[in-house]
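Coordinates in review
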Amino acid sequence: LAKTTQPISMDSYEGQEVNITCSHNNIATNDYITWYQQFPSQGPRFIIQGYKTKVTNEVASLFIPADRKSSTLSLPRVSLSDTAVYYCLVGAPDSNYQLIWGAGTKLIIKP
Amino acid sequence: DSGVTQTPKHLITATGQRVTLRCSPRSGDLSVYWYQQSLDQGLQFLIQYYNGEERAKGNILERFSAQQFPDLHSELNLSSLELGDSALYFCASSTRQGNTEAFFGQGTRLTVV
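As a starting point, this report considers the structure included with it.

1. Details of the pattern of salt bridges
Residues and elements named next belong to chain B. Summed over the entire model, instances satisfying the criterion amount to five salt bridges over all chains. Between Glu 82 and Arg 63 there is a salt bridge, with the nearest N and O atoms lying 3.7 Å from each other. Taken together, the positions of Glu 82 in the loop between β8 (74-78) and β9 (87-94) and Arg 63 in the loop between β6 (53-57) and β7 (64-68) put the pair 19 residues apart, joining distant regions of the chain. Accessibility expressed as a relative area gives 43% for Glu 82, which makes it partly exposed.

Written as structure tokens, this is what we have:
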């Protein structure tokens, strides 16, 4: 199982770009990288998923280098409402083993 | 709204009791996952069903059981409840199994007193 390592917490300010890096040294060939966001007492919400290079959607961008041993979630121009816990997960679609949810990164946005 | 419905939203019960949590997945989703999240902790995977069959099991206690019915809704049964079982229980659904976009419900907050 590919384990991920993320910073426990990060601070930033409104209007800044925030980059959260996740390390996954044992990523397998079929694994994808997925990021979720969770607000207190709410279920996690899917943000973005990618396999290699760069993926962008209306919420975030995901950068994955060629060796795929790490990935970076980029949140452009954050606001106070982006304060949440962000989880990085690695695994293969249609796999029978389950994703391991770590402690995530607690992102605090200040005014 | 994720499309995943969990009931009840809140549940308070005494130690030793048994409760049933219910989950209705998004329309068309075949996979249902159950997670436990204690205060300020990460999500602990409990169990997954795919189209009615158990597909993966995590750290689910023997006192806990689950099933997925033909209409794809799922129930998580928790028995002989202990104070330490107090937590948020989330259900998620997805179209496939494995690492794919999963949609989470709002959770059931269980308090054991």
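Having seen it, we continue.
2. Section: the environment of Ser 70 of chain A
All names here are of chain A. When you line up the elements, Ser 70 lands in strand β7 (residues 70-75). Accessibility expressed as a relative area gives 24% for Ser 70, which makes it partly exposed. Ser 70 sits 37 residues away from Ile 33 along the chain, and the two C-alpha atoms are 9.3 Å apart. Ignoring sequence-local partners within four residues, the contact set of Ser 70 consists of Cys 22, Ser 23, His 24, Phe 63, Ile 64 and Pro 65.

3. Details of the state of the cysteines
Applying the stated criterion across every chain yields a total of two disulfides over all chains. Here Cys 22 of chain A is linked by a disulfide to Cys 88 of chain A, with a sulfur-sulfur distance of 2.2 Å. Here the disulfide of Cys 22 of chain A and Cys 88 of chain A is left-handed, its torsion about the S-S bond being about -80°. With a gap of 66 residues between them, Cys 22 of chain A in strand β2 (residues 18-23) and Cys 88 of chain A in strand β8 (residues 84-91) connect regions that are remote in the sequence. Across the pair, Cys 88 of chain A and Cys 22 of chain A agree in class, each one buried. The disulfide partner of Cys 23 of chain B is Cys 91 of chain B, and the gap between their sulfur atoms is 1.8 Å. Residues Cys 23 of chain B and Cys 91 of chain B share a disulfide whose torsion about the S-S bond is about -55°; that sign makes it left-handed. On the criterion of sequence distance, the pair formed by Cys 23 of chain B in strand β3 (residues 19-24) and Cys 91 of chain B in strand β9 is long-range, its members being 68 residues apart. Of the residues examined, Cys 91 of chain B reaches a relative accessible area of 0% and is grouped as buried.

So, how was this worked out
Residues numbered from 1 in each chain as written. Chains lettered and ligands numbered in written order. Predicted model: local features only at pLDDT ≥ 70, side-chain atom pairs only at ≥ 80, totals over all residues. Heavy atoms only, no water. Salt bridge = Lys/Arg side-chain N within 4 Å of Asp/Glu carboxyl O. Helix = DSSP H or I, 4+ residues; strand = E, 2+ residues; numbered from the N terminus. Buried < 20%, exposed > 50% of the residue type's maximum accessible area, 1.4 Å probe, protein only. Contact = heavy atoms within 4.5 Å. Disulfide = S-S within 2.5 Å.

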